[in-house]
Structures are given as C-alpha cells and as structure tokens.
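# Reading the structure
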Amino acid sequence: MFLKCSLFVEKERRVKANSREYNDKFLYADNRIKTSKYNIFTFLPVNLFEQFQRVANAYFVVLLILQLIPEISSLSWFTTIVPLVMVLVITAVKDATDDYFRHKSDQQVNNRKSQVLIRGSLQKEKWMNVRVGDIIKLENNQFVAADILLLCSSEPYGLCYIETAELDGETNLKARQALSVTSDLGDVSKLLNFDGKVICEPPNNKLDKFTGTLNWRGNKYSLDNGKMLLRGCILRNTEWCFGMVIFAGLQTKLMQNCGKTKFKRTTIDKLMNTLVLWIFAFLICMGVILATGNTIWETWIGRGFEMFLPWTKFQISTVFSGFLTFWSYIIILNTVVPISLYVSVEVLRLGHSFFINWDVKMHNRQTNTAAVARTTTLNEELGQVEFIFSDKTGTLTQNIMVFSKCSINGTIYGDVYDEFGHRMEITEKTACVDFSYNLLSDGAFKFYDNTLVEAVKQKDPAVQEFFRLLALCHTVMSEESEGKLVYQAQSPDEAALVTAARNFGFAFWARTPESITVCEMGQVVTYQLLAILDFNNTRKRMSVIVRDAQGRLRLYCKGADTIIFDLLDPSSTDLMHTTSEQLNEFAGEGLRTLALAYKDLDEEYCDVWMKKFLFVSAVLENREDQLAALYEEIERGMKLLGATAIEDKLQEGVPETISKLNLANIKIWVLTGDKQETAVNIGYSCNMLRDDMTDVFVVSGHTLTEVQQQLREAKERILSLSRVSDARNDEENDMFADDSVFEEAIITEYALVINGHSLAHALEPQLEIVFLDLACLCKTVICCRVTPMQKAQVVELVRKHKRAVTLAVGDGANDVSMIKTSHIGVGISGQEGMQAVLASDYSFAQFRYLQRLLLVHGRWSYFRMSNFLSYFFYKNFAFTLVHFWYGFFCGFSAQTVYDQWFITLFNIVYTSLPVLAMGLFDQDVNDQNSLRHPSLYKSGQNNLFFNKRQFFLCTVHGMTTSFLLFFIPYGAFSVMVKEDGSHSSDQQTFSITIATSLVIVVSVQIGLDTHYWTAVNHLFVWGSLAMYFAILFAMQSDGLFGVFSNIFSFVGAARNCLSEKSVWLVILLTTAVCIVPDLFVRSIRASLFPTQTDKVRQLQQSCKSQRPEEQNLRRARRTSSRRSAYAFSHQEGFGELITSGKNMRTSRVSSTCSYERTAPSSKWIENVIKRTNAVSCISFGSPNKQHQSLKQPDRLNC
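Residues numbered from 1 in each chain as written. Predicted model: local features only at pLDDT ≥ 70, side-chain atom pairs only at ≥ 80, totals over all residues. Heavy atoms only, no water.

## Some details on the overall build of the protein chain
Secondary structure assignment for the protein chain yields 42 helices and 39 strands. A total of 1198 residues make up the protein chain; the buried ones form 56% of that total. Sequence-distant contacts, at least 24 apart, represent 75% of the contacts inside the protein chain between residues at least 6 apart. Accessible surface, the protein chain as shown: approximately 51800 Å² in total, 56% of it carbon and sulfur. (Helix = DSSP H or I, 4+ residues; strand = E, 2+ residues; numbered from the N terminus. Buried < 20%, exposed > 50% of the residue type's maximum accessible area, 1.4 Å probe, protein only. Contact = heavy atoms within 4.5 Å. Areas by Shrake-Rupley, 256 points an atom, 1.4 Å probe, with all protein chains shown as cover.)

Right, here's the structure in full:
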C-alpha cells in the first residue's frame, strides 16, 4: 500500500471521517511502520549487492572463475571458494540477525492495541490496522498511535495535555485544544455520525507546523498545530480523548523525521577498497613482467626443451604461452590479498564487540543495563571520531530539577558547615533535613541546611514571605493520587520550586480561576487571584496579583534576576547588591538562578489598572506589546525578597567526560529541542561553555539576510582575533616545547549558539558552507529548538564537507534521524523509550560511558586493527613474492616454490592464530592510561596507525623480506654441500628451507609487533610454530605417501633436509638478516624520536602515578554569568488558560459554579489535617469592597 502511495505526489490531503471507502481511493499509507532493511525476498540480492560493494569480494569471484580454467590454474578452485563462501555467509548471518531485531521491534509497535470506532462501536485494533480517517480513542498515559486531529476530550473546552519527549526531548506538558464545534462529541453515537472532511497539507517533517481546514455542516474551520496530536506523544492528565487520523504509519511526522537506515562502512573498509585496487594493479604489473619473461624465455631457450617438454595443443605460439602464463601467475600471486584476511577481520570485529558487551565498567548497576555493541562492523571507527552530536535532555541531563540553595534577605541557605565553620561538600552520606513533622511534605525532596527549617519555625517574616511567593506564583495544577498530593507542572523548574515551598510549610493545595488555596504552617488559606501576568521569552518573568485574608493586595513576581533588578524600588538597592554577589556564587556552581520580589498594591490604583488590563486584553492590534507595557507599569517599584538556585541534575560524570573528550580533540555539538536559555545553562554546567571564552556567538536572525550577516560577522571576528594571537601562540608553543608531553590544556576560545529558525536558514545551500566554517572554528556548538530532521541535516552537513568520523548520541525518538545519519549511532537507554537504542549501533545506560567506549575500546580497536592489517600485508607480501623471484629461475613456468599444502595452510593454520591473538588482545597502553592521557586518541583521528603511507612501508618491508628469504638460501645452496659431500640443490629441500625460514621470521616479527603478551599470545605463537613442524613431518612421512602418493609427493624431504646442520645455519642466517635491521630501526626510533605513546608506555612500565591532566578535568567555576531558571523551560499561555478556567472541570456536585482540576477532595483534606492540630480555613468576601473584615474561620472537625 505504501509503495503505491509513494508513487504519486500529494499536493494536499483530503480525509473524510468514518469513511474508509472514500479515503482508500487516495491510496494513503496504512499505520504499519517498517525500520528494517530486508524482507524474505529481498534479503539475498540486497545483502549480496551490499557485500560486493567490497572490491575484494568481487576480486575473489574473478579469481575463482580463473581457477576453474585448467589450462592456466595451478591451484585448486576450492582454495578460493570455501573461504569466500564463509565470508559471505558469516556477514549475511550477522546482517540478518541485526535486521531480525529490527523486524521484532517493528512487530512490537505494530501490534500495540488501540480503540477504533468501526462497525458502529469501539473495538480494539492493532496499530497496523488503523487507517486514515478512522476515529480512535486514547486514554491517559497512552501513546498516540498516529497523527490525529483532536475532536474532544474529558477536559472542558476540548483540552488535553500531552508529553512530547519522543518528538523534541521536552518532558514538560503541552496543552492541545479541539475546535469548539467538535468539543462536545464525547458520545460514541455522536462520533459515529461525524462526517467532517479535512483538507490539509501533505505529509511532511515539520513538527511545529500544521495547516488545514475542517469542512462540516456547511462551515469551514481553520486547523493548526495546536489541534493536532502527533504520533509518539503521550496523553497525560487527561482521562480520555477522541481524534481523527490524518497521517498514518510512515507518513506521520515522527516517521518522516526518522530518516532511512543506511549501510555504514568504516574508514578502514573504504581504504581497504582502494588498497585492493592498488594491489590488483601491482599484481597485474608482476603478471605482465613474468608473462613477458616467459615469452622471451620460450623464444630464446624454451625451444631447446621441446623434445621432452612438448607444448600442449593450446600453446600455439610463444606470445600465447606468455598470455597463459600471465593468468597462471595472477592465480599464484593472488595471496597478496588472501580471502582469509576478511575472515580474520570479521572475527576481530566480533571479538571487539564482545569485549564491549563484557565490560563491567560500562555496566550500570542501578538499571542493570550493560553496554551493547549492536553492530560488529564499526568498532575501529570508534577510535577515529572527531565530531560528537549529542542530545541534551536525558542524554546530558536527567531532566530532574533540584531545589539546591536560596538567598533570603541577604542570607544564603543550603550550605553545610562543620564545627569549625568550614563549608562541607554534600555527598550521599550527608544527613538530610528531617521533614517528618510536615505531613504534607514530599518524601523525595532533600535539603541539607537545618537553619532554613529553624527560620521557618521561628516565623521569620522574610522567610515566610519567600515561600509564600513560591506557593502562589506559578501555574502548577494539583491533584490527589493514591491518597497523596501530586503536582502536575508544565516545567520541572516550577515543580521543584513549588515542592520546596511545600516541604517548608507552604503547600500549594488547589486552584480555581479566581483563587489559590495554600496550606500555610498548618492553616488552609485561600487567596483571591485577580490576575496572572504571564511569562514570555521577552519578559522572562511571571507575576500574580492576589488578595490576602486581611484584604491586602499584593503582587508577587519571579523571573530572571537581570530583569527583576531593573524593576526594584530604590529601597532594595543594598539588598540587590548583596543578592547579586550571591547569585554570582550560585552561577559559578552551575546552578540556575531566579530572583523573587513583591509589591504591595493600592486598592484604588489596582482597580484602575485592572480596567486597563481588561480593555487591553480585548484589543486585536498590537495586543502583546500593550500588555507587556501594562505589566511593566504595575511591576515597577517591587521589593526584593531573595533568589533561588536550582540544580538541573546532570547525568553522572558528564562534565568529566566532556573534559576528557575535549582533551582528545573531539568537538562536541549539542543539538536539542529545548529553549536557548536551557541549553546554554547546561552548556555551562557541562564545561562546554566557560566564562573565560573569547566570545560566545549567538545567531538568532529570522531572515536569510540576518542570519548571513550574523554568521559572517562572527567568522570575521574570529579570523581577525586569530591573526592578532598567532604571533603570541607561536611564542607560547616554543616556550612549552620542552615541557612534559602530558601537560595539556582545554582551549575553548569560541562557542556558537544558534536557534532552530536561524538554523533553517543556515542550512540553505548558499549559507551552509559559511555556517560550517564558523562552527568548525568554535570549540562548542549548541543548536537549540531544532527538529529531528534538522539534527540529521547538521550531521549530514559535517559528513559531506568534512573528512571526519561523526558520532551521534541520544535517548529519544527525536534523535533517531541523526543516529542513523552519523557514521556511528549511540543510544542511551533512558526514560524516553527504546527507539534510539533500537536504531543505534551501540547502546549503554549513561553518557559517561562514552569516554570509555571511545578512549579505551575505540582506540584499542583501531590500534589492533591497524597493527593487524600492517602485519597481515607484510607477511603475505613476504610469503607471496618469493614466487616472483623464483619465476626468474624456473623459466617463468608458473611453478610454485612451496608445496601446495604449505600454500593452503600458511594463512589458515600456520599464521592465523598468532595474528588473531594480536588483533584481539594487544594494547599499547592499558585502560587507565588511555583515560588518563586522552591526547593519545589523536593518533586515530589523524589516521596515523594505518594509512596509505603505512601500507607502502609494510609492503616494502614484505618485499624486502621475500627477497632475502629467496636469495640467501639460493646463494647458500649454490655453494653448500652436505656432510657426505653431496650437493643440497634439489627443489624440495630448497622449498622446505624457505618455508621454514618464512614461518620463523613472521613468528619473530609478530613477537616484535606485540605490545601486550598474554597466555593466549604465547600459546598461539609457539603453538603455531610447533604445529608447522608437526604437520610438515606428518605430510612428508612415508605413511601418507604410501596412501596418497599423488597428493603428498614430498616424501621424506623434511626429515632429510632438517637433519642437516648447514640447513639450520641457513635458516638462522636468513632469520637474523630479516629481523635485525627492523629491530635496529625500532630501537633508534624509540630512543631518538619517541612518540607520546612510547612515553606513556615507559611511564606505565616504570609504574609512576603522575596525573598531570587532572587539573584540566576539574569543573570550571563561573564568576559572572547569571541565568534565570524560570525563563528556561516555562511556556507562554498557561496563565491565560488558568484564569479562563478552560483547563478546570466543572463540578457536578456543587450547585454553584465552582471549578476543580482533579483537586484533592475535602474528605482527603480532613483526613490529613485530623492528624495535626485544629486549623482554620480562611476565606474572603467580595473583592469589590475596599475594606474587608476577616470572617470567622470555618473550623474543620479534626
């Protein structure tokens, strides 16, 4: 169905409710999703196509075809087809296993149940059977099955609340409201008769935009994003709602943002393709040389041998003989790239993946979650990462806000001191304040300073007013759940502040559109709510105007301190300076700060102001600006109460991890859906942003021209400052040249912060290069308010224009697109579902494990794979090119030097296990030093261990070794005689001598290349040597010759050859000449030109415990930046929603028009207060009376 739908391009979508027949004619996609790559029919062709993108696989198929031609093949065809099939099968099984889990995940989602209105009633249907136009019912805490138009809900006015964490990473609640004409369709019979037609935009990936119209009963109604519930959202605080499916399955906005699953290949894989082409060209050159030699030899010398070596019927001329010889040598010399190389590479990658899975230091005990390598093909790529793209919420932070400290009337509360007056560090063992005396306290709240509790108990007026403000000035809703008072806040910031007030004796109880009820120190008090001066990004503050028990009018305000301080009364100047210094201290500790102030209002002035407020609220033109001016008018002249300091709790070890990754020269970009203020504050907390940076550029233009100008100005400033500092940096480099290599510093000169709407322009073709150049000049890049697709576009931009390995890490469905787009995707198994994990290549529980994944496992994997490949090419060139030299002495006849069994077993048995052991277990430095010296990681980024130059050196080394392996025995055998005086000149003895020398030389060489010896290494190296001699004597024994005389023709050769002392002297001489020069070069290089790795190894071996880099990993302390905690995650509009009463359910019990929002019941209130002393319930009279006397309190029966 989706295939058919995708063939025609939608210009607009037309959907009719309850009419599958009408909607089916448009061939819309069903609600089935598919993230897998293959199915049962496409697996074999698609997988083989992907595998044959490896040049080597195609190369071996060509060789196999050549080996099937008997006239040119001197080797059996099974020597190629068996290992080739093994490689293809192993890789196919691995790919099939990975895709099986994708299918399993898809089935799990597709088989979820949803209530669908079909055939006259609500029936449970699988998600995959939901169709466009269907009306579905959602219940509280359920995932939204498709992109639906909200029709009605259990809340008044068709309101509902959703959590969009999987779309934008935000866990704060968002409100959606149905059209008024559909908000009363709560009955199934009414919904069955609903036949509205929606005409809207076609499927797209814009999460924050939707345009359309609803045609119903002859009228048209405008639709926008505020009336849509998108797939991936969760219904919260709403008993039920009904919606009409507009987009389904792969056409939903969530799936449109997910991107496609890509076939990922490592940098080494791509390099190997190039090298195989080089080797093939080299192989052709050698074949041409030997074929030309054969033609010349047959012309000048070969004709004299035709008497006893006649030509076959195919050899019609010397030129044709050379042609056949060319192909024969292509087959013989093909072992320069043996198929066993690729088998070994797959085994190594599998082993490295198991090491990641088994690493107990990456296992999270709290959630019992281990690290998982979900792919085996990208391990060495982990050692070459240059760019990390990270989500914020759930990845860097826990999205948990904690009331940490506060300043009240110039006094700081929250620090803990010992008996000597020294500030103590707060740890898990530090004793918490005992709130058991407060029956309304939240047991999860923790505070450590008892002096604040004492101040509350002593009824300090400033302290009580401080917490009264926190209990009144907010948009939190309360409800009763399982006998407990539960808060539902649209942002975690507000929840933390209201919870703090609750624990210190000022518990927010309930609200109506006209009142707020608070339990103050055991008394339930109701305040009349006159107005909420709502928050927006420009005001960065919120205020409420309330009337207290005595009829006094008071304005309470909280917001960004930089804004609040400008509105204070001059009498608060001294307190403002004191509080400002304290805010500097809070900000230096990475806390999110917020200032609190109040103002007593005159009744007459308030009446006049309220009339202006009501008038301006109804104005159509320029209403926002007029309201802002009116708000500021009444907020001027406030008195400062103090400030709060909230900690946005980071994931454990995030600052240290980022510092180490910075030392490893890895650039970290944060791509988040959060607001700019939130992201910037987290940047400071994580040490990604620092006050000592040269500059932090903020790009916030709304047009292409504005963004272009801001980007260019920032780039020009960086370049101009760099020119000035270049000379100074050169002097500093000279000064530090003699210092220890371990003295490193984090150079965070510049940072870039860009908003989502600006990023959309920056990613345009005419600006993307300017944006990328500027971003790469900055140490830190933070992109705020970005959509999932924009995340993928940023990653793709870096991949496209920078030759660098990228890694994306996230924990929600909104991160899936960038995880799929990057070279390496890492999923955090957090609170936002498993979508990111299922789409990832690697997964673990916390961000801090990323440093071990990259700096230890990644660096080791790259180091091991590089050494493995260098050694493998060396030994195979040394093994194979002996045939090339021998060709000049055998008439270019394509005769092999070695016994055919030796050729077959050399890479499979004699040398396979030692190189596998080195590739699996070798390490240049241990894991502690890998983490202690992150700069070692730069070798992988610069591709120093294995590149074209290293390949050239190891091939030259192999060619030199092959030359010595052939000509030293050749020269010795020409003059050497046995003990009985006979010559040792037979071909079999010569072959065994070269073969034995070769096995010993490559075994010694791997010993030199191995940095870390284990018992397995010793077993495999010495065991392989022993295996060689055991098989050699067995295959050349009389017994096997007697049974298989045609196969084992070297009968007795090994026994006769290796019993001669002179042969052993030749072997030892050959080994020494091959090894000693390399040993000498290694010693000179390590002594005169040591690398940083050499120095760390020397330090490791001497067991010194110097840690010179630790000072750079300490958390930076800020001294000047202050940010408002409130302005971060709060949203505009909730104040108006509360005062309108639209989000409050009308009570069906009371005869009066009262409102409640799942508020705690009176019976529950009585039960709680029965356990305390008798309290008073204070209420108020008419707000119109200027002087109002306090009514007699209604005594609760306690």
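Anyway, onward from the coordinates.
## Concerning the sheet that holds strand β33 (residues 805-810)
Taken together, 9 strands build an open sheet; the order of strands is β14-β35-β34-β33-β15-β29-β32-β31-β30 and the sheet is mixed. What marks the edges here is a single partner per strand, and that holds for β14 (372-373) and β30 (695-699). Note: strand β31 (residues 750-754) against strand β32 (residues 780-783), 4 bridges, orientation parallel. Paired with Val753 across the strands is Ile782, a residue of β32. Along the sheet, helix α24 (residues 788-801) contacts β15 (385-390), β29 (667-671) and β33; its crossing angle with β29, the most-contacted strand, is approximately 155°. (Pairing = 2+ DSSP bridges. Axes fitted to C-alpha atoms, helices over the stretch in contact; angles between N-to-C directions.)

## Observations concerning the pattern of salt bridges
Under the defined criterion, the tally for this structure stands at 39 salt bridges. Where Glu346 meets Arg349, a salt bridge forms, and the shortest distance between an N and an O atom there is 3.9 Å. In this pair, Glu346 and Arg349 are both assigned in helix α11 (residues 340-358), 3 residues apart and thus about one turn of the helix distant. Here Asp548 ties to Arg552 by a salt bridge, and the two come within 3.0 Å at their closest N and O atoms. Given a relative accessible area of 45%, Arg552 falls into the partly exposed group. Each of Glu465, Arg468, Glu520, Arg554 and Asp600 takes part in a single network of salt bridges with overlapping partners. (Salt bridge = Lys/Arg side-chain N within 4 Å of Asp/Glu carboxyl O.)

## With respect to unusual backbone geometry
The phi angle at Asn409 is positive, at roughly 55°, despite the residue not being glycine. Checked against the element boundaries, Asn409 lands in the loop between β16 (397-408) and β17 (411-413). Backbone geometry places Asn665, a non-glycine residue, at a positive phi of 65°. Following the sequence through the fold, Asn665 ends up in the loop between α19 (654-663) and β29. You can call Asn665 partly exposed: its relative accessible area is 35%.

## Brief notes about α19
Within α19, 9 of the 10 residues are buried, leaving the element largely enclosed by the surrounding structure. Residues of α19 that are buried include every one of Val654, Pro655, Thr657, Ile658, Ser659, Lys660, Leu661, Asn662 and Leu663, and no others. In the stretch just after α19, Asn665 is the one whose phi turns positive, near 65°.

## Let's talk about the nonpolar core
By size, the foremost hydrophobic cluster in this structure holds 97 residues, and its most contacted members are Leu341, Leu869, Phe873, Tyr898 and Phe902. For this core, the element with the most residues is helix α27 (residues 849-887), which contributes 16 residues. Every residue in contact with Leu341, bar those within four places of it in the chain, is listed here: Met272, Phe868, Leu869, Phe872 and Phe873. (Core = buried A, V, L, I, M, F, W, Y, C linked by side-chain atoms within 4.5 Å.)

## Focus on α24
The terminal C-alpha atoms of α24, which comprises 14 residues, lie 21 Å apart, in line with the 20 Å expected from a rise of 1.5 Å per residue. Inspection of α24 places Pro788, Met789, Gln790, Lys791, Ala792, Val794, Val795, Leu797 and Val798 among the buried residues, and these make up the whole buried set. (Expected span 1.5 Å × (residues − 1).)

## Here we look at the packing of aromatic side chains
By the definition in use, this model includes 63 aromatic pairs. Taken together, a centroid distance of 5.0 Å and an interplanar angle of 80° make the contact between Phe326 and Trp327 edge-to-face. Residue Phe326 is classed as buried on the basis of its relative accessible area of 13%. Grouping aromatic residues by their ring pairs yields a cluster made of Phe884, Trp885, Tyr886, Phe888, Phe889, Phe892, Phe963, Phe966, Phe967, Tyr970, Phe973 and Phe990. Directly above the ring of Tyr28 sits Arg13, whose terminal nitrogen or CZ lies 3.9 Å from the centroid. Just above the ring of Tyr487 sits the side chain of Arg502; from NZ or CZ to the centre is 5.2 Å. (Phe/Tyr/Trp six-rings, centres within 6.5 Å; stacked < 30°, edge-to-face > 60°. Lys NZ or Arg CZ within 6 Å of the ring centre and 35° of its normal.)

## Focus: the packing of α27 against helix α32 (residues 948-975)
Two elements in contact, α27 and α32, have axes separated by 7 Å at closest approach and are oriented at 40°. Between α27 and α32, the angle is such that the two are oblique. As α27 runs across α32, the sense of the crossing is right-handed. Two secondary-structure elements touch here, α27 through Ser870, Phe873, Tyr874, Phe877, Ala878, Leu881, Val882, Trp885 and Tyr886 and α32 through Phe951, Cys954, Thr955, His957, Gly958, Met959, Thr961, Ser962, Phe963, Leu965, Phe966 and Phe967. (Parallel < 35°, antiparallel > 145°, perpendicular 65-115°, else oblique. Left-handed = near helix turned anticlockwise from the far one by under 90°.)

## Thoughts on the sheet that holds strand β10 (residues 219-223)
Taken in spatial order, the 4 strands of this open sheet run β1-β8-β9-β10, and their pairing is antiparallel. The open sheet is flanked by β1 (13-16) and β10, the only strands paired with a single partner. Pairwise comparison of adjacent strand axes, ignoring direction, gives a mean angle of 20° for this sheet. One ladder, built from 4 bridges, connects β1 with strand β8 (residues 197-200); its direction is antiparallel. In the sheet register, Arg13 faces β8, and the bridge partner there is Cys200.

## Structural notes on the state of the cysteines
Per the stated rule, a full pass over the model turns up 0 disulfides. Note on Cys160: no disulfide assigned, nearest cysteine sulfur contributed by Cys241 at a separation of 5.1 Å. You can call Cys160 buried: its relative accessible area is 0%. (Disulfide = S-S within 2.5 Å.)

## Focus on the environment of Arg112
Within the secondary structure, Arg112 sits in the loop between α5 (78-110) and β2 (113-118). Separated by 14 residues in sequence, Arg112 and Lys126 place their C-alpha atoms 5.4 Å apart. Each residue touching Arg112, except ones within four places of it in the same chain, is listed here: Glu125, Lys126, Trp127 and Phe143.

## Notes on the pairing of strand β23 (residues 515-520)
Here β23 lies mainly inside the structure; 6 of its 6 residues are buried. Covered by surrounding structure in β23 are Ser515, Thr517 and Cys519 together with Ile516, Val518 and Glu520, the residues of both alternating faces. Inspection of the sheet shows strand β22 (residues 506-512) paired to β23 by 6 bridges, in the antiparallel sense. Within β23, the residue paired with Phe506 across the bridge is Glu520. Here β22 folds back onto β23 in antiparallel fashion, the turn holding 2 residues. For β23 and strand β24 (residues 523-533), the ladder comprises 6 bridges, and the chain directions are antiparallel. Residue pairing across strands places Ile516 opposite Tyr527, the latter belonging to β24.

## A look at the confidence of the model for the protein chain
On average, residues of the protein chain score 82 in pLDDT, and 84% of them reach the 70 mark or higher. The secondary-structure element of the protein chain with the lowest mean pLDDT is strand β39 (residues 1194-1195), recorded at 34, while strand β13 (residues 240-247) shows the highest, at 96. Predicted confidence for residues 727-748 stays below pLDDT 50, and this span has 26 contacts to residues more than four positions away or in other chains. Of the regions scoring below 50 in pLDDT, residues 1146-1159 engages in 28 contacts with residues more than four places distant in sequence or in other chains. (pLDDT = per-residue confidence, 0-100.)

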